[in-house]
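Listed below are the residues making up each chain.
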Amino acid sequence: MRKKLFIIFCIIVVFISVIPNNAYGITLGEYEAKVNKYQKELDDTKKAINKTESEIAAANNEISKAKKEMQDLESEIEDLHKEIEDGKAEIKEKSLQVKEFFAYLQVTNGENAYLEYAFGADNITDFIYRMSIVEQMTEYNNQVIEDLEEMIERNNKRETEIHKKEEELTQKQKSLESKIVTLGEDKAALEDSGVDSAKQLKIYQEIVASYKKLGCKSSDVIGVDCAVSGPAGTFRRPTTTGYITSEFGWRWGSLHRGVDITSSNGKNEKIYPVANGTIIAKYYDTYGALVIIVEHYNDKDNKWYSSLYAHMSSFAPNMYVGKYVTSDQYIGYMGNTGYVIPKPTASNPNAGTHLHLEIAPCKIFKDTKCSTWSKYTSYMSQLSKNGFKGPRALISFPSSGTRWSTR
């Protein structure tokens, strides 16, 4: 019996020993891997953009060549037309000359001018010579006319070939222009992807740098082996005074993932964390808004939450990723950085200086549900459809538009 218990105990010890150290959290090494991942994505995107730009330049060069070739062909057509017109004029002139010559002979020598001219010879040799002159003059003019007519026929044939070539060049130009449009769309998509990768890279670079300053090593589990933080405590309002101008929920075809809060103090209103926690991100978003994300462990329901604060005018001094902050320690000031309508109106009350506050029941940029921004937004959309109320799920706010003067 003791032997069996000892074997079971050994199995349990072995099983526990093989559980990875990061089974209960994320290591600094995993953050470092994300830095490498997004750096590679950004590098690959830049290479793809450069390749696309080269293809666009090559297509534009081909279009320029096609346009130049079409201009040359148009010039050639003009030359052909001129040559044809000159040839027709020369044919007309030669025909007229022959007629005038024979008419002259007939007028000066009578109706039988040719015969009189030929039979006026003194001998047979002179007769043959005179007949030859008449024949040669006629043949010469006929040959000139024939050559001119052949030239006109060749020019007409060449013009037909040129028009066919112009049609081919026009189709080629249209095809290249269509290719440029497609390549332009590809480039725009790549640039959007690059912006997202650059944003993620910057966030994770700051996270890694900050945790290293706190003494974390690659194998350390954040919040367990280093950068340990305490429980969230009570969730509170993020401002001392204010009122909600826009609620969490669906609007204009998309989910507004938080609440918008404004205050009569404007940019003098301090922003506080909604609960005790650790700063896990501090950055400018794609539109230039100052953003801080704080991570909280709620010991009341044994869950992790993330709170996001956007549009701040400035951060409080000494704010950095990895810093543990309490709900009484301000993290910045209310502002209007990023994509914000300058002044509030009746139809857009959430414009101007305000705080955009989001709260999510996950670890943003960490756990599988919210490991990337796209996963986070999708997760929040699903939660909303299942009845999640955003910040109101954890914080007691007055009804929309009703002012408060205490946290």
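Keep in mind it's a predicted model, so treat the numbers as computed, not measured. (Residues numbered from 1 in each chain as written. Predicted model: local features only at pLDDT ≥ 70, side-chain atom pairs only at ≥ 80, totals over all residues. Heavy atoms only, no water.)

S.K.: Account for the overall build of the chain, naming residues and giving values.
M.R.: Helix and strand counts for the chain stand at five helices and twelve strands. Within the chain, the fraction of its 407 residues that count as buried is 40%. Summing over all exposed atoms, the chain offers an accessible surface of approximately 23300 Å²; the carbon and sulfur share of this is 54%. (Helix = DSSP H or I, 4+ residues; strand = E, 2+ residues; numbered from the N terminus. Buried < 20%, exposed > 50% of the residue type's maximum accessible area, 1.4 Å probe, protein only. Areas by Shrake-Rupley, 256 points an atom, 1.4 Å probe, with all protein chains shown as cover.)

S.K.: Give me the nonpolar core: which residues, what numbers.
M.R.: Within the largest apolar cluster, 63 residues are counted, with the highest numbers of intra-cluster contacts made by Tyr31, Tyr211, Ile261, Ile293, Tyr309, Leu357 and Phe365. Where this core is concerned, the elements lending two or more residues are α2 (28-109), α4 (124-213), β4 (259-262), β6 (277-284), β7 (290-298), β8 (303-312), β12 (355-360) and α5 (373-385). A total of six residues in this core trace back to one element, the largest contributor, which is α4. Excluding residues within four positions of it along the chain, Ile261 makes contact with Pro238, Thr239, Gly242, Tyr243, Ile244, Met334, His354, Leu355, Leu357, Phe397 and Trp404. (Core = buried A, V, L, I, M, F, W, Y, C linked by side-chain atoms within 4.5 Å. Contact = heavy atoms within 4.5 Å.)

S.K.: Any chance you could break down α5 for me, citing the residues and the numbers?
M.R.: Helix length check: α5 (13 residues) gives 19 Å between terminal C-alpha atoms against 18 Å at 1.5 Å per residue, within 8%. Taken together, the buried positions of α5 are occupied by Trp373, Tyr376, Thr377, Tyr379, Met380, Ser381, Leu383 and Ser384. Where α5 terminates, the next one or two residues include Gly387, which has phi positive at roughly 105°. (Expected span 1.5 Å × (residues − 1).)

S.K.: How would you sum up the sheet that holds strand β11 (residues 332-333)? Please name residues and give values.
M.R.: Pairing is antiparallel in the open sheet, where three strands are placed in the order β5-β11-β9. In this open sheet, the two edge strands, each paired with only one partner strand, are β5 (270-271) and β9 (314-315). Bridge analysis of β5 against β11 gives two bridges, and the strand direction is antiparallel. For Ile271, the partnering residue across the bridge sits in β11 and is Gly332. (Pairing = 2+ DSSP bridges.)

S.K.: Tell me about the environment of Asn318, residues and numbers included.
M.R.: With respect to the helices and strands, the residue Asn318 is situated in the loop between β9 and β10 (324-325). Take Asn318: its relative accessible area is 54%, and that puts it in the exposed class. In this structure the C-alpha to C-alpha distance between Asn318 and Ile331, which are 13 residues apart in sequence, comes to 9.0 Å.

S.K.: Tell me about the sheet that holds β7, and name the residues and values.
M.R.: Reading across the sheet, the seven strands line up as β1-β4-β12-β8-β7-β6-β10 and stay open at both edges, with antiparallel pairing between neighbours. Edge positions in the sheet fall to β1 (243-246) and β10, since each of these pairs with one other strand and no more. Strand direction decides the pairing type here: β6 and β7, joined by six bridges, are antiparallel. Looking at the pairing, Tyr283 lines up with Val291 of β7. Where α5 meets the sheet, it contacts β6, β8 and β12, and its direction lies at approximately 80° from that of β12. (Axes fitted to C-alpha atoms, helices over the stretch in contact; angles between N-to-C directions.)

S.K.: For the pairing of β4, give the residues involved together with the corresponding values.
M.R.: Across the two faces of β4 the burial is the same, with Val259 and Ile261 and Asp260 and Thr262 all buried. Relative to β4, β1 runs antiparallel, the two sharing three bridges. Residue pairing in the sheet places Ile244 in a bridge with Ile261 of β4. With three bridges joining them, β4 and β12 adopt antiparallel strand pairing. Looking at the pairing, Asp260 lines up with His356 of β12.

S.K.: Please give an account of the pattern of salt bridges that cites residues and values.
M.R.: Across all of its chains, the model carries 15 salt bridges by this definition. Taking the shortest distance from any N to any O, the salt bridge between Glu76 and Arg158 comes out at 2.7 Å. With Glu76 in helix α2 and Arg158 in helix α4, this residue pair connects regions lying 82 residues apart in the sequence. Arg257 is the salt-bridge partner of Glu358, the closest N and O atoms lying 3.3 Å from each other. With a gap of 101 residues between them, Glu358 in strand β12 and Arg257 in the loop between β3 (254-256) and β4 connect regions that are remote in the sequence. In this pair, the class of Glu358 matches that of Arg257, namely buried. Connected through salt bridges with shared partners, the residues Glu53, Lys187 and Glu191 form a single ionic network. (Salt bridge = Lys/Arg side-chain N within 4 Å of Asp/Glu carboxyl O.)

S.K.: How would you sum up the confidence of the model for the chain? Please name residues and give values.
M.R.: Any segment with low pLDDT has predicted coordinates that should not be analysed in fine detail. Here the chain averages 82 in pLDDT, while 80% of its residues score no lower than 70. For the stretch residues 1-24, pLDDT sits under 50, and the model shows seven contacts to residues farther than four places along the chain or on other chains. (pLDDT = per-residue confidence, 0-100.)

S.K.: Just give me the short version of unusual backbone geometry, but keep the residues and values in it.
M.R.: Unlike most non-glycine residues, Asn318 shows phi in positive territory, near 60°. A positive phi is found at Phe365, a non-glycine position, where the angle reads about 70°. On the secondary structure map, Phe365 appears in the loop between β12 and α5.

S.K.: How would you explain the state of the cysteines if you had to name every residue and give the values?
M.R.: Evaluation of the coordinates by the stated rule reveals one disulfide. Paired through a disulfide, Cys362 and Cys370 show a sulfur-sulfur distance of 2.0 Å. Between Cys362 and Cys370, the disulfide has an S-S torsion of -100° and is therefore left-handed. On the basis of relative accessibility, which here comes to 1%, the residue Cys362 falls in the buried class. Exposure remark for Cys370: the relative accessible area of 0% places this residue in the buried category. (Disulfide = S-S within 2.5 Å.)

S.K.: Run through the packing of aromatic side chains, naming residues and quoting values.
M.R.: Scanning all chains against the criterion turns up twelve aromatic pairs. When the centroid spacing of 5.5 Å and the interplanar angle of 65° are considered together, the rings of Tyr330 and Tyr333 count as edge-to-face. Judged by centre distance (5.5 Å) and plane angle (50°), the ring pair of Phe397 and Trp404 falls under tilted. Accessibility classification places Phe397 together with Trp404 in one group, the buried group. It is Lys37 that lies over the ring of Tyr38; its NZ or CZ is 4.1 Å from the centre. (Phe/Tyr/Trp six-rings, centres within 6.5 Å; stacked < 30°, edge-to-face > 60°. Lys NZ or Arg CZ within 6 Å of the ring centre and 35° of its normal.)

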